[in-house]
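One letter stands for each residue in the lines below.
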Amino acid sequence: MSRSRQILRVARHELRLSIADRRLVAGVCLLMLVTGAGIVSGTRWVNHQRATISELEKDERSRKETIRQELNATPGQTQVSKAMPIDARSPAIVGGKLGSTYATLQPKRLAVLAIGQSDLLPFHFRVSTESFRTLIDQDEIANPAHLLSGRLDLGFAVIALYPLIILAISFDMPAAEKEAGTFGLLMSQPIRFSDLILGKVLSRFMVMTCCALAISTTVIVFGASDRGDASVWKDWSLWASFLILYGAFWFALAVAANLIGKSSASNALMLSGCWLTFVLIVPAILNLIAVSAFPMPSRITLIQAARQATIDASEEGSRSLSAFYEDHPELAEGSGGDVDEFMVRSLATRSAIDEKVRPLIERFDESLEQRQRFISRARYLSPALLAQDAIESIAGTGTSRHREFLAQTKDFHQKWQNFFVPRIARKAKFETRDLEAMPQFQFEEDRFALTFRHLLGPAIGLIVQFGIVLILIGRSIRDFRVVG
Amino acid sequence: MLVAKDLTKKYGEHLALDRLNLAVLPGDVYCLLGANGAGKTTTINLFLNFVEPTAGAAFVDGSNVVEHPLECKRRIAYVPETVLLYKNLTGLENLKFFAEIATGTTFTRASLVDYLVRSGLPEDAVDRRISGYSKGMRQKVGIAIALAKSAKALILDEPTSGLDPKASNEFSRLLLDLSESGVAILMATHDLFRAKETGTRIGIMKSGVLVQSFATSDVGHTELESIYLDHMSD
């Protein structure tokens, strides 16, 4: 009598019972509904991002064209107005708002599956010679609780609802048999108790996993424009792997509770507590610790510091300009009119402000970095945090990819400054060849390749947690008694 | 076929079964009589390996139930006091599941219907949901499982409890048929009348001890009752 066949018999029987019972059907319907809504929400958000980026690119092209026309026009035809200067020959003007460019972060192919916090984090910055500050709302690290208040997406359905549905259909596996009175008759048959449990889990696991995978595959097949690309399917297989691993953890937890608990009611209570703990309480506590242990300067503090620095720099006036040329002697050449002089003074003032504000920003960045490191280590306490981290990394909507975007944007801003500041300081005239040589931002996905390294941590963490529950199951199964 | 050797079970300080020795041979119908808490159900649970003995051993067809639990369960069919099946499935579907789990083989519909009819279930009831079955009908499905299993031993716990006289009589006839085919039957019961009618041997249990054991043919109905009451009043 083959064990695998016995397990399959139980699985088939469970499926028949579950369909008759309608609980599994209800669970699957709920999952399909929520994941379907999540996909719609995700698709809308991604389409919004793409449309926004497209509009920004269109705007940039339009302005560049205006600059090109200005540069190609005869000198007498340029439009110079003190009220609204659009002198395309002034590098300060071009490097400022007129010629500003956008650093954009295109959503990745699987972004529709998990919005994550991408709706809270900016996906485009305007880069110009103005100061670049990224003091955005990153003071609370990834918390599944955010997902509860943010946009509904498949990521939320997977992290928060998927475990709930799993627990709802699994909390009374042997307990239901005992309470229905069929357990004695069943265990008097030549079947191992472990095989019985395995068969019960298998039917539920197969149904739930197939549903979740079916939804995400449908999205790829019908939604992704580059579904023929092998790397889309590579990302999809990573997504599927984490979905299966995360689901396996919760099924294992349900089995453990069934073995430890005495009744289906006590199992339900225990498992609800586990869900609350792993999905809400632990992440909330970790955030609280992170915020308390690594306090960051507030945005108000930064704004006030910037204002004070502006006042100080204005008062310092020409001292700022002299100090600027002292720091950059190679730029102290060329002569220009009042506008050029004003622009250089403005540049010097901005530089002085940046200098005063830099320590505050560095403190902010350092605290943020410390918080990120803390959460990066502490996330192993919650399978929900690990799964969220992995899923958002695969979808490209996690904070890691966004931090890389910020880093590349900062680098690009510096590149922009390096291009324009010398021209402004030398009071040089902007020409067509300069327009063609202007830096262009392109997010280097290669610098943030979805390497094994990004997912290894969450994968190992989930496997270890799954393993711990399996050990608990192993011990409990030995002590499990059919009666008494 | 079913042998208990100094079979003992303690739950903490409470001695539920004290050095039970009995043997149920093929064709025997051994009826265990006793009040509630006498140790009858504990004996059954030990033969089914639902609990492990504190001392001694239980054997099924020569195999120790603790050392070879699956082997022993292949040879035993068990009918609990209340046969509760899966209420959303039909009688046939229930039998199919248990029979396949019990034997590891697949059964045709015809063979399953045959087992149910042989157990006394009306043929028009086989495709009805268990939720519409009476206790007697569910009992018959339990017997059908035993038939499908071709078990060498049958263990029953209070099988006639809650059955009307007609159903109880039908049940007894089934047991006799099985006994005649060589199945060893161990039955825990309060029903003195049915024990005398159906049983070949009787064992009286009290406070975990088998106080007396004798052949059914050695006593009449009245004598049996008298012996039983004497032990219960001690």
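Please read these numbers as outputs of a predicted model, since none were measured by experiment.

Here we take up the overall build of chain B. A tally of regular secondary structure across chain B gives eight helices and 10 strands. A globule of 234 residues ought to have a C-alpha radius of gyration of about 17 Å, and chain B, at 18 Å, matches this closely. Seen along its three principal axes, the alpha-carbon backbone of chain B occupies a region of about 50 × 40 × 30 Å. Looking at chain B alone, contacts between residues at least 24 apart form 66% of all its contacts between residues at least 6 apart.

With that settled, the discussion passes to the overall build of chain A. A tally of regular secondary structure across chain A gives 17 helices and two strands. Per-residue burial for chain A yields a buried fraction of 52% across its 484 residues. Here the analysis covers contacts within chain A between residues at least 6 apart in sequence; of these, 84% occur between residues at least 24 apart. By element, 59% of the accessible surface of chain A is carried by carbon and sulfur atoms, the whole surface being about 22400 Å².

If you look at the biggest cluster of nonpolar residues, it comprises 164 residues, and the most contacted ones within it are Trp250(A) and Leu154(B). Looking at this core element by element, the count peaks at 19 residues for helix H9 (residues 230-260) of chain A. Residues in contact with Leu154(B), not counting those within four places in the same chain, are Ala77(B), Val79(B), Ala146(B), Leu175(B), Leu178(B), Val183(B), Ala184(B), Ile185(B) and Leu186(B). If you look at the next biggest cluster of nonpolar residues, it comprises 31 residues, including Ala103(A), Phe419(A), Ile424(A) and Leu435(A).

Moving on to the interface of chain B and chain A. Taken together, the contact pairs 27 residues of chain B with 25 residues of chain A. Seen at the junction of chain B and chain A, the total is six residue pairs in polar contact (both at pLDDT 80 or more). Mapped by element, the contributors of at least two residues to the side of chain B that touches chain A are helix H2 (69-75), strand E6 (76-79), helix H3 (91-103) and helix H5 (135-149) of chain B. The element best represented in the side of chain B that touches chain A is H3(B), accounting for seven residues. When its residues are assigned to classes, the side of chain B that touches chain A shows 17 nonpolar, five polar and five charged.

Quick look at unusual backbone geometry now. Even without being glycine, Lys427(A) reaches a positive phi, approximately 55 degrees. Its place among the elements puts Lys427(A) in the loop between helix H15 (399-425) and helix H16 (432-437).

Before going further, it helps to examine the pairing of strand E8 (residues 184-189) of chain B. All names here are of chain B. In terms of residue burial, E8 counts as a mostly covered element, since six of its six residues are buried. With burial as the criterion, each face of E8 is covered, one bearing Ala184, Leu186 and Ala188 and the other bearing Ile185, Met187 and Thr189. Sheet analysis places strand E7 (residues 153-157) next to E8, joined by five bridges and oriented parallel. Note that in E8 the partner of Ala153 across the bridge is Ala184.

With that settled, the discussion passes to a nonpolar patch on the surface. A contiguous nonpolar surface patch, about 500 Å² in accessible area, is contributed by Phe452(A), Leu456(A), Ile460(A), Val464(A) and Ile468(A). Mapped onto the elements, Ile468(A) comes out in helix H17 (residues 452-479).

Before going further, it helps to spend a moment on the packing of aromatic side chains. Applying the stated criterion across every chain yields a total of 22 aromatic pairs over all chains. Centroid distance Phe50(B) to Tyr78(B): 6.0 Å. Interplanar angle 85 degrees. Geometry classified as edge-to-face. Pair noted here: Phe50(B) is in the loop between helix H1 (40-47) and strand E4 (55-60) and Tyr78(B) is in strand E6, with a separation of 28 residues, a long-range link. By relative accessible area, which is 9% here, Tyr78(B) ends up buried. When the centroid spacing of 5.9 Å and the interplanar angle of 70 degrees are considered together, the rings of Tyr86(B) and Phe97(B) count as edge-to-face. Of the two residues, Tyr86(B) sits in the loop between E6 and H3 while Phe97(B) sits in helix H3, which places them 11 residues apart along the sequence. Exposure remark for Tyr86(B): the relative accessible area of 7% places this residue in the buried category. The class for Phe97(B) is buried, based on a relative accessible area of 5%. An aromatic cluster is defined as three or more aromatic residues linked by ring pairs; in this entry it consists of Phe125(A), Phe405(A), Phe412(A), Trp416(A), Phe419(A), Phe420(A), Phe430(A), Phe441(A) and Phe443(A). Positioned over the ring face of Phe419(A) is Arg423(A), at 3.9 Å from the centre of the ring.

Next up on the list: the sheet that holds E4(B). Residue and element names in this part refer to chain B. A sheet is described by the order of its strands in space; here four strands give the open sequence E2-E1-E4-E5, paired in antiparallel fashion. Each edge of the open sheet carries a strand with a single partner, namely strand E2 (14-24) and strand E5 (63-64). Relative to E4, strand E1 (residues 2-11) is paired through five bridges, and the arrangement is antiparallel. Residue Lys5 lies in a different strand from E4, and its bridge partner there is Ala57.

Position of Asp312(A) among the secondary structure elements: in helix H11 (residues 299-316). Take Asp312(A): its relative accessible area is 23%, and that puts it in the partly exposed class.

Our focus in this paragraph is helix H8 (residues 221-233) of chain B. Residues and elements named next belong to chain B. Helix length check: H8 (13 residues) gives 18 Å between terminal C-alpha atoms against 18 Å at 1.5 Å per residue, within 8%. Buried within H8 we find Leu224, Ile227, Tyr228 and His231. When H8 is viewed along its axis, its buried side chains cluster within an angular range of 95 degrees and face the same direction. Away from its buried face by more than 90 degrees, H8 exposes Thr222 and Ser233.

All names here are of chain B. Spatial ordering of the open sheet is given by E6-E7-E8-E3-E9-E10, a layout of six strands whose pairing is mixed. If you trace the sheet from one side to the other, it starts and ends with E6 and strand E10 (209-215), each paired once. Each adjacent strand pair in this sheet contributes to an overall mean axis angle of 15 degrees, direction not counted. Alignment of strand E9 (residues 201-206) against E10, held across six bridges, turns out to be antiparallel. Bridge pairing links Lys206 to Val209 in E10. Here H1 sits on the sheet in contact with strand E3 (29-34), E6, E7, E8 and E9, set at roughly 145 degrees to E7. Each of E3, E9 and E10 is contacted by H8, which is oriented at about 20 degrees to E9, the strand it contacts most.

The subject of this paragraph is the confidence of the model for chain A. Per-chain confidence: chain A averages 81 in pLDDT, with 84% of residues scoring 70 or above. Mean pLDDT across the elements of chain A ranges from a minimum in helix H4 (residues 144-149) of chain A, with 50, to a maximum in strand E1 (residues 101-104) of chain A, with 92.

We now examine the side chain of Thr104(A). All names here are of chain A. For Thr104, the position within the fold is in strand E1. Classification of Thr104 by relative accessible area gives buried; the value is 12%. With near-sequence residues (within four places) excluded, Thr104 lies in contact with Ile53, Leu56, Phe123, His124, Phe405, Phe441 and Phe443.

Attention shifts here to the environment of Val158(A). Residue and element names in this part refer to chain A. Checked against the element boundaries, Val158 lands in helix H5 (residues 154-170). The spacing of Val158 and Thr104 is 54 residues in sequence and 28 Å in space, taken between C-alpha atoms. If we ignore the near neighbours within four places in the chain, the residues touching Val158 are Pro163, Trp239, Leu243, Tyr246 and Ile391.

Here we take up the pairing of E9(B). Residues and elements named next belong to chain B. Relative to E9, E3 is paired through five bridges, and the arrangement is parallel. If you follow Tyr30 over to E9, its bridge partner there is Arg201. Two successive antiparallel strands, E9 and E10, enclose a turn made up of two residues, where Ser207 displays a positive phi of approximately 50 degrees.

What counts and how
Residues numbered from 1 in each chain as written. Chains lettered and ligands numbered in written order. Predicted model: local features only at pLDDT ≥ 70, side-chain atom pairs only at ≥ 80, totals over all residues. Heavy atoms only, no water. Helix = DSSP H or I, 4+ residues; strand = E, 2+ residues; numbered from the N terminus. Rg over C-alpha atoms; globule rule 2.2 N^0.38 Å. Contact = heavy atoms within 4.5 Å. Buried < 20%, exposed > 50% of the residue type's maximum accessible area, 1.4 Å probe, protein only. Areas by Shrake-Rupley, 256 points an atom, 1.4 Å probe, with all protein chains shown as cover. Core = buried A, V, L, I, M, F, W, Y, C linked by side-chain atoms within 4.5 Å. Polar contact = N/O pair within 3.5 Å; in protein donor to acceptor, adjacent residues only side chain to side chain. Nonpolar A, V, L, I, M, F, W, Y, C, P; charged D, E, K, R; others polar. Pairing = 2+ DSSP bridges. Patch = residues over 30% accessible without salt bridge, like charges linked within 9 Å, V, L, I, M, F, W, Y side chains within 5 Å. Salt bridge = Lys/Arg side-chain N within 4 Å of Asp/Glu carboxyl O. Phe/Tyr/Trp six-rings, centres within 6.5 Å; stacked < 30°, edge-to-face > 60°. Lys NZ or Arg CZ within 6 Å of the ring centre and 35° of its normal. Expected span 1.5 Å × (residues − 1). Arc of directions from axis to C-beta. Axes fitted to C-alpha atoms, helices over the stretch in contact; angles between N-to-C directions. pLDDT = per-residue confidence, 0-100.

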